[in-house]
Amino acid sequence: MNRWFLEYMKDPTTREQWPRSKVMRYRLKADGSVETQVLFADEDGENDFEVPKINEKLNGHPYCMVYATQFHSYEYDVDQQATKGGPFGAVGLAKRNLCTGER
């Protein structure tokens, strides 16, 4: 199934029950192990982010700032620290600082 099929987007029951995305960080260790971390866990699965691809020359370099398209966007105009997802058509640009947790 693809959440972006028009028939699914037109059906409120289907589109609102679609699982929200989860942003994960994977660290591949030299010993062959993999360390996983859920990012933005304090937002309780409401964030529904799509993260754009970055310049591949920057892969593996440290970074703090993340920008993402956010579907079911929060009411940032009411509260900059909001964490409750809005309706399907509410789309926003989210900015998060992974180093400080600032939003």
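All values derive from a computational prediction rather than experimental measurement.

Draft legend 1. Representation of the layout of surface pockets. What the largest pocket holds in volume is close to 690 Å³. Lining the largest pocket are 17 residues; nearest its centre among them are Arg25, Ile54, Asn59, Tyr63 and Val66. Contributing elements (two or more residues each) for the lining of the largest pocket: β1 (24-28) and β4 (65-71). Residues belonging to the lining of the largest pocket are distributed by class as follows: 13 nonpolar, three polar and one charged. A volume near 170 Å³ is recorded for the second largest pocket.

Draft legend 2. Focus on the pattern of salt bridges. All chains considered together, the criterion is met by five salt bridges. We note a salt bridge from Arg96 to Glu43, for which the minimum N-O separation is 2.8 Å. Placement of the pair is Arg96 in strand β5 (residues 91-97) and Glu43 in the loop between β2 (34-38) and β3 (49-50), with a sequence separation of 53 residues.

Draft legend 3. Inspection of the environment of Met9 at higher detail. On the secondary structure map, Met9 appears in helix α1 (residues 6-10). A C-alpha to C-alpha distance of 22 Å links Met9 and Val23, two positions 14 residues apart in sequence. Discounting residues that sit within four places of it in the chain, Met9 has contacts with Arg3, Trp4, Arg15 and Phe88.

Draft legend 4. Looking closely at a nonpolar patch on the surface. Nonpolar side chains collect at one region of the surface, where Tyr26, Leu28 and Val34 lie side by side and expose about 370 Å² of accessible area between them. Positionally, Leu28 belongs in strand β1.

Draft legend 5. Summary view of the environment of Leu93. Of note, Leu93 is situated in strand β5. When its relative accessible area of 63% is taken as the criterion, Leu93 is described as exposed. Along the chain, Leu93 and Arg15 lie 78 residues apart, while their C-alpha atoms are 20 Å from each other.

Draft legend 6. Region of interest: the state of the cysteines. What the rule picks out here adds up to one disulfide. Through a disulfide, Cys64 is tied to Cys99; the S-S separation comes to 1.9 Å. Its torsion about the S-S bond being -85°, the disulfide of Cys64 and Cys99 is classed as left-handed. With Cys64 in the loop between β3 and β4 and Cys99 in the segment after β5, the pair connects residues that are 35 residues apart, well separated along the chain. Classification of Cys64 as partly exposed rests on a relative accessible area of 29%.

Basis of the calculations
- Residues numbered from 1 in each chain as written.
- Predicted model: local features only at pLDDT ≥ 70, side-chain atom pairs only at ≥ 80, totals over all residues.
- Heavy atoms only, no water.
- 1 Å grid on protein atoms, 1.4 Å probe; cavity = no way out; pocket = protein on both sides within 12 Å on 5 of 7 lines; lining within 4 Å.
- Points joined across faces, edges and corners; volume = space filled by probe spheres on them.
- Helix = DSSP H or I, 4+ residues; strand = E, 2+ residues; numbered from the N terminus.
- Nonpolar A, V, L, I, M, F, W, Y, C, P; charged D, E, K, R; others polar.
- Salt bridge = Lys/Arg side-chain N within 4 Å of Asp/Glu carboxyl O.
- Contact = heavy atoms within 4.5 Å.
- Patch = residues over 30% accessible without salt bridge, like charges linked within 9 Å, V, L, I, M, F, W, Y side chains within 5 Å.
- Areas by Shrake-Rupley, 256 points an atom, 1.4 Å probe, with all protein chains shown as cover.
- Buried < 20%, exposed > 50% of the residue type's maximum accessible area, 1.4 Å probe, protein only.
- Disulfide = S-S within 2.5 Å.

That's the geometry; what it means functionally is another story.
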